[in-house]
Structures are given as C-alpha cells and as structure tokens.
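Spelled out from the first residue to the last, the chains are:
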Amino acid sequence: CGLGGLLSHLAARRPHDRFVGVELAPLPALISASRLARYPNCSVHWRSLWKVDLSETDVAFAFLSPVPMSELWQKAVAEMHEGALFISSSFGVPGQTPDRVVKVADSRQTQLLVWKMAGLSANTWPS
C-alpha cells in the first residue's frame, strides 16, 4: 500500500466500506499506518502480500512491477471468490486480457486493468 495515498482517498470517500493495505517495507508501512489511523474503516498490515488470504476480498488492487504479476494472478485466481475484482495499475498479466481498461486522467496517463473473477456477468459491474 506504499504510503497509503490511495487508501486514505478511498477511506475518506467511502466510510461504509472496509479497506486493508499490505506493505512489506517497514518504514512505508509505519508511515501508512500512522497516516490512516484516523480512518476507522482502514487498516494497514506490515507483511508480505504472499501471506495474505484473499478469499474474503471483494476488490484487490495492485501497483507493483511487471515481475510478480503472473504469480499474483495465480494467487488471485486461486483465492478470490466469484464476483471479486482484481485491478492492476499500469502492469498487465502475461497471457491474460483484462475485462476492462480504465484510463485515469492523471499526468502519468495511468491505465487500470480490471479482471473479474469467474462468474461475474459483463453487465454486472459494481459502481
């Protein structure tokens, strides 16, 4: 979750939803946890994402590098429930075509690549 910028944005705007950040680097995890302490709907965990169970995750967002994307995809497919969304900022999954690409109006021209886990109809996108 880095320094928690996205989490603070989401937690402030969606107070009835629950957000969990995962960060392996100790200093960013500490900064993020401190920054997000004011949001009761948000928590940060200092641990490896490979040790996180995604089975109860409705939306998983990753902004990593291209290197771990194949392994993360395998984890998401194995653990995420039907109807969950896997979103990657900027980096694709080799051999997997996203179900949706969202272009963000930012200076980096970011693209969010969205995959729906098995069973979610193309006409049933969450708002």
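Bear in mind the structure is a predicted one, so any value in this text is a computation, not a measurement.

S.K.: Would you take a moment to explain the pattern of salt bridges for this structure?
M.R.: Oppositely charged side chains are able to pair whenever their charged atoms sit close together. Applying the stated criterion across every chain yields a total of 2 salt bridges. Here D17 makes a salt bridge to R14, at a shortest N to O gap of 2.5 Å. For D17, a relative accessible area of 29% translates into the label partly exposed. The class for R14 is partly exposed, based on a relative accessible area of 42%. Ionic pairing is found between K75 and E79, a salt bridge with its closest N-O pair at 2.9 Å. Linking K75 with E79, this pair stays in helix α3 (residues 69–79), spanning 4 residues, or about one helical turn.

S.K.: Would you explain the state of the cysteines in this entry?
M.R.: Every disulfide links exactly two cysteines, by a covalent bond between their sulfur atoms. Summed over the entire model, instances satisfying the criterion amount to 0 disulfides. Summary of cysteine pairing: C1 is not part of a disulfide, and the nearest cysteine sulfur, belonging to C42, is at 7.8 Å. Given a relative accessible area of 32%, C1 falls into the partly exposed group. You can call C42 buried: its relative accessible area is 9%.

S.K.: Looking at this structure, how should I read unusual backbone geometry?
M.R.: Leave glycine aside and you will find that most residues have negative phi; peptide bonds, for their part, are mostly trans. Despite not being glycine, S90 shows a phi value in the positive range, around 80°. Tracing the sequence through the fold places S90 in the loop between β4 (85–89) and β5 (100–103). Positioned with a positive phi, Q109 is a non-glycine residue whose angle comes to about 55°. Relative to the assigned elements, Q109 resides in the loop between β5 and β6 (111–116).

Rules used throughout
Residues numbered from 1 in each chain as written. Predicted model: local features only at pLDDT ≥ 70, side-chain atom pairs only at ≥ 80, totals over all residues. Heavy atoms only, no water. Salt bridge = Lys/Arg side-chain N within 4 Å of Asp/Glu carboxyl O. Buried < 20%, exposed > 50% of the residue type's maximum accessible area, 1.4 Å probe, protein only. Helix = DSSP H or I, 4+ residues; strand = E, 2+ residues; numbered from the N terminus. Disulfide = S-S within 2.5 Å.

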